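# Geometric and topological summary
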Amino acid sequence: MFVTTVDVVAIGHTGGAPYALRDLLAGYGADVRLLPVGSPRHLADVLNGTLSQAEHLVFSCHGDSRGMVLDRLAPELTEQQPFNDVLTPAIVAELSCSPRSAVLSTGCATGTDALARAFLGGGCSAYVAPLRYPAGAAVLAFTSAFYYQVLVLGFSLPEAVASARGLGGDTELFRLWT
């Protein structure tokens, strides 16, 4: 029996991280799907619940101060998309996010109040993301420790975030919004 459902949303070129997260979360007892995002329309469909009904969303992505960075598309494809280049807080707020318990973003600098408020306003009960630019190893360490504590040990989200941040180094850059 699965403890929860988790969709790992792979945005852009993030190497093997989405696959590692999928395998890790499955090992923790989650029913996990990997959702590669090929276009902004796919991402919109994940957020609005068309492609994802999972209780947890993990965005394996790159980010900057604007939001989650998307791959560039050919000019003839950009016209057909609801947005391009970056998933900003304004775009998240426009999309009808389906209710879910938690969203975790691995993207650098996606831990902004504006992005967190957009996800929470869309029905998510929690948003976890790094404030600045953590090293890749710290992202995997934080995510692994966080979900081990939530899925296996039954910790609350605040307890799991505090403990995973306690690993030290760049894991301390992660923050929880509820």
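See the structure printed just above.
Residues numbered from 1 in each chain as written. Predicted model: local features only at pLDDT ≥ 70, side-chain atom pairs only at ≥ 80, totals over all residues. Heavy atoms only, no water.

## Some remarks on the nonpolar core
Judged by nonpolar contacts, the single largest core of 28 residues is most densely connected at Val 9, Ile 11, Leu 43, Leu 47, Phe 59, Phe 119 and Tyr 127. Put simply, the parts of the chain that give this core at least two residues each are strand S1 (5–11), strand S2 (31–37), helix H2 (40–47), strand S3 (56–60), helix H4 (89–94), helix H5 (113–121) and strand S8 (127–130). Beyond its immediate sequence surroundings of up to four residues, Phe 119 is in contact with Leu 47, Phe 59, Met 68, Val 92, Val 103, Cys 124 and Tyr 127. The next biggest cluster of nonpolar side chains, apart from the first, holds 27 residues, and it includes Val 8, Leu 34, Ala 145 and Leu 157. (Core = buried A, V, L, I, M, F, W, Y, C linked by side-chain atoms within 4.5 Å. Buried < 20%, exposed > 50% of the residue type's maximum accessible area, 1.4 Å probe, protein only. Helix = DSSP H or I, 4+ residues; strand = E, 2+ residues; numbered from the N terminus. Contact = heavy atoms within 4.5 Å.)

## Concerning unusual backbone geometry
Even without being a glycine, Asp 85 presents a positive backbone phi close to 75 degrees. Residue placement: Asp 85 occurs in the loop between helix H3 (75–78) and strand S6 (86–87). If you check the backbone angles, Ala 109 has positive phi at about 60 degrees while not being a glycine.

## A look at the sheet that holds S3
Strand order in the open sheet formed by six strands is S2-S1-S3-S7-S8-S9, with mixed pairing between adjacent strands. With one partner strand each, in any of the chains shown, S2 and strand S9 (174–177) form the two edges of the open sheet. The sheet shows a mean angle of 15 degrees between the axes of neighbouring strands, taken without regard to direction. Pairing of strand S7 (residues 102–105) with S8, which is carried by two bridges, proceeds in the parallel orientation. Across the sheet, residue Leu 104 finds its bridge partner in S8, namely Val 128. (Pairing = 2+ DSSP bridges. Axes fitted to C-alpha atoms, helices over the stretch in contact; angles between N-to-C directions.)

## Details of the side chain of Ser 60
In this structure, Ser 60 sits in strand S3. At 3.5 Å, the side chain of Ser 60 and the side chain of Thr 14 are in polar contact. When near neighbours in sequence (up to four residues on either side) are disregarded, Ser 60 contacts Val 8, Val 9, Ala 10, Ile 11, Thr 14, Ala 17, Pro 18, Leu 21 and Thr 106. (Polar contact = N/O pair within 3.5 Å; in protein donor to acceptor, adjacent residues only side chain to side chain.)

## Observations regarding the sheet that holds strand S5 (residues 67–69)
In spatial order, the strands read S4-S5-S6; together these three strands make up an open sheet with antiparallel pairing. Edge positions in the sheet fall to strand S4 (62–64) and S6, since each has one partner strand and no second.

## Notes on helix H7 (residues 157–165)
Here H7 has its buried residues at Leu 157, Ala 160, Val 161 and Ala 164. Mapping the buried residues of H7 onto a view down its axis gives an arc of 100 degrees, with all of them on the same face. Check the buried side of H7 and you find it contacts S7, S8, helix H6 (136–152) and S9. (Arc of directions from axis to C-beta.)

## Remarks on the environment of Trp 177
Structurally, the position occupied by Trp 177 is in strand S9. For Trp 177, a relative accessible area of 8% corresponds to the buried category. Put simply, Trp 177 and Ser 125 are 52 residues apart on the chain and 8.5 Å apart in space, counted from C-alpha to C-alpha. With residues near it in sequence (within four places) discarded, Trp 177 still touches Gly 111, Thr 112, Asp 113, Ala 116, Leu 120, Ser 125, Ala 126, Tyr 127, Ala 129 and Leu 131. A distance of 2.8 Å separates polar atoms of two side chains, one belonging to Trp 177 and the other to Asp 113.

## Re the state of the cysteines
Evaluated as defined, the whole model comprises zero disulfides. As a non-bridged cysteine, Cys 108 has Cys 61 as the owner of its nearest cysteine sulfur, 8.7 Å distant. (Disulfide = S-S within 2.5 Å.)

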